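Single-letter residue listing:
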Amino acid sequence: MGTILFHIFESTLCLTILYFLFRLFFRKDTLFRTNRLLLLIGTVACTLLPLMQIDVSQYTPLQLPVTAVRNLLTEKEAGVVDKGEEVSKEYPFEGTGAFFVDEEENSIKESRGSVMSAIPVTLLLGGCYLLGAFVVFSFLLLSTIHMYRLIHRFPAHEYGEYRLVICPEKIVSFSWGKTIVLSQEDYERNPEEILLHEQMHLQHRHTLDLLWMECLVILHWFNPAAWLLMRELREVHEYEADNSVINHGIDATQYQLLLVKKSVGTRLYSMACGFNHSKLKNRITMMLKRRTNNWARLKLLLFVPAAAGTLYAFARPEVKKTVEQAIAPVSVKQDPVQNSELEQLETFFKEKNDAFFEARSAGSGEKVVKLDDKSLMLLPRFFVNMNNKMMLNDELIKEYDVSALSSRFTNYLREGYKDNKKDYRDLVVRLSVWYDRGSSSDAITSYLRTIKDSYLQVRGEISGQLGGVSEARLDSIFPILVHFEKPKTYSPKGKTATDISLPIQISLFFGGSAGPVLKNPSLREVEQRLKEYKATTGADHLAVSLKLDKNVAMGVVEDVKEVIRNTLYGK
């Protein structure tokens, strides 16, 4: 239900944009057929456009509101735990509650009381939405039944390819399907103009347009833009029918006088096309207005940037490109999997870690440096679960919301440095990183990149405050020591089965020459082929290249790396 509601939300935004563009740039044009097609094709496009998905590397302010609604409507319901029930180590909550486990404490916290069971937001909104749609559908169905009964209450006459029903009651003449309904008074006094007008409605198949718009307002009963677009389409229908009547030789002045006389009447059936269905002033104005130049159709190009901007706002911020890990030739003792962006980020933090200890141990001859005597530790903890949701210091962050992560981590570092500067002590940031084996490698890469950028930003601010200092000095006074904990499983998903095909591609190289390529192999196949290749060529100067599909699970990455290391180098 949440996915459906989010699609309706996206369609609502599209319909709103369509209405305002039509109102501002097209409503006053006399290109009636163009305007009619614009409204029809536009409303269909607004329904289908949200189904198109594009990926972008990271969030922008334009996407954050849409993503917030997506998270609200599509996230899974939180589990319910009875009071005193122990939280399983392997199966924590999947919702918005606390679903991470502190590896440092190596224990599971007891449940903090009972979790109140409430009606999920999606269920509540879905119920209200369905109720409203049912009410609108009921009114439409009731109106259709009344119209059907009226049409079949009186005898029908053949009128060319259409049916003509003369109603003795005083009603507003209308047409629907292949039937024209006229009151006895209209048929006796002004049969030619009114019949021709209704015939034009049927000839242009306006009934089909109204059927589609009625379906649209049932789906978007809560959206004023949907109702306003249907009203605009009805007016365009009247303009088009009036224009056709005048083009058939009817005197325009007499026809306008007839409209004035017939301007007051009873309400029409919702799906019917009627003789005085639109505003009288607008219809007469359109008949008298100078014809719009055909070049005005170029204004349709306005919808190109509007559609592009809408698609960009709807884009799901995920790493779009495939992560390709090109591994350079390595020595026997060198890690063969190290040059992907993920590994580059890990290497960056490792180098900062080494630089700090080298700076602290310089001249002392000690390999182990105690931090408590000259530094104050800041111990942030960063978790990622299998749904790619984050938690920084027990504060939940939605999946892929790197903007929120950047803001929180940057402020955290700034406040820590500000507090510690009062004591004239250096600040050491020791960040512990946990992630679930089922989390996306692209997500982990994006998050680590954001953490790195935030750290470098605050580091630059500190350098500016100190009047510019060397890199070595910064490594000493404001280091970041990132410790990557062993990937944890917070879901029923265990290690990758050895015989399951994996979304990877492995290329082997020896001495600059290309070797075999393994596409979607299993772990067992990777191990067997590596052993065969090692027995033939040896492990010296061997290079391995990994290509991962988008959003491949981190568990797969870790398992493949482990097999490569163990098979080739006995690690």
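These lines cover the structure that appears in this document, whether it is placed above or below. Remember, it's a predicted structure, so these values are computed and weren't measured experimentally. (Residues numbered from 1 in each chain as written. Predicted model: local features only at pLDDT ≥ 70, side-chain atom pairs only at ≥ 80, totals over all residues. Heavy atoms only, no water.)

**A look at helix α2 (residues 32-48)**
Every α-helical turn comprises 3.6 residues, leaving residues that sit three or four positions apart pointing alike.
Reasoning step 1: In this model α2 runs 24 Å from its N-terminal to its C-terminal C-alpha over 17 residues, within 8% of the 24 Å that 1.5 Å per residue would give.
Reasoning step 2: Within α2, burial applies to F32, T34, N35, R36, L38, L39, L40, G42, T43, C46 and T47.
Reasoning step 3: Where α2 is buried, its residues touch α1 (2-25), α7 (206-219), α8 (224-247), α10 (280-288) and α11 (303-314). (Helix = DSSP H or I, 4+ residues; strand = E, 2+ residues; numbered from the N terminus. Expected span 1.5 Å × (residues − 1). Buried < 20%, exposed > 50% of the residue type's maximum accessible area, 1.4 Å probe, protein only. Contact = heavy atoms within 4.5 Å.)

**A few points about the packing of aromatic side chains**
Reasoning step 1: Summed over all chains, the structure comprises 13 aromatic pairs.
Reasoning step 2: A centroid spacing of 5.6 Å and a plane angle of 65° characterise the contact between Y19 and F20, whose relative ring orientation is edge-to-face.
Reasoning step 3: An aromatic cluster of at least three residues, connected via ring pairs, comprises F22, F26 and F303.
Reasoning step 4: Directly above the ring of F26 sits K299, whose terminal nitrogen or CZ lies 5.3 Å from the centroid.
Reasoning step 5: Over the aromatic face of F348 sits the side chain of K452, whose NZ or CZ is 4.6 Å from the ring centroid. (Phe/Tyr/Trp six-rings, centres within 6.5 Å; stacked < 30°, edge-to-face > 60°. Lys NZ or Arg CZ within 6 Å of the ring centre and 35° of its normal.)

**Let's talk about the pattern of salt bridges**
Reasoning step 1: All chains considered together, the criterion is met by 16 salt bridges.
Reasoning step 2: Its salt-bridge partner being R153, residue E169 comes within 2.7 Å of it at the nearest N-O pair. In this pair, E169 is assigned in the loop between β3 (162-167) and β4 (174-176) and R153 in helix α4 (residues 121-153), connecting sequence segments 16 residues apart.
Reasoning step 3: For E169, a relative accessible area of 36% corresponds to the partly exposed category.
Reasoning step 4: For R234, the salt bridge identified is with E214, shortest N-O distance 3.9 Å. One end of the pair, R234, is in helix α8; the other, E214, is in helix α7, and 20 residues separate them in sequence.
Reasoning step 5: Residue classification places E214 among the buried positions, given a relative accessible area of 6%.
Reasoning step 6: Taken together, the shared-partner salt bridges in this structure form one network comprising R23, R27, E232 and E235. (Salt bridge = Lys/Arg side-chain N within 4 Å of Asp/Glu carboxyl O.)

**A closer look at the state of the cysteines**
Here a disulfide denotes one covalent bond, and it connects the sulfur atoms of two cysteines.
Reasoning step 1: Under the criterion given, the structure shown has 0 disulfides.
Reasoning step 2: Free cysteine: C46, not disulfide-bonded; nearest cysteine sulfur from C14 at 5.0 Å.
Reasoning step 3: For C46, a relative accessible area of 8% translates into the label buried. (Disulfide = S-S within 2.5 Å.)

**Points about the environment of Y255**
Reasoning step 1: Tracing the backbone shows Y255 in helix α9 (residues 252-261).
Reasoning step 2: Residue classification places Y255 among the buried positions, given a relative accessible area of 0%.
Reasoning step 3: Engagement of the side chain of Y255 in a polar contact is seen with the side chain of D242, the distance being 2.6 Å. (Polar contact = N/O pair within 3.5 Å; in protein donor to acceptor, adjacent residues only side chain to side chain.)

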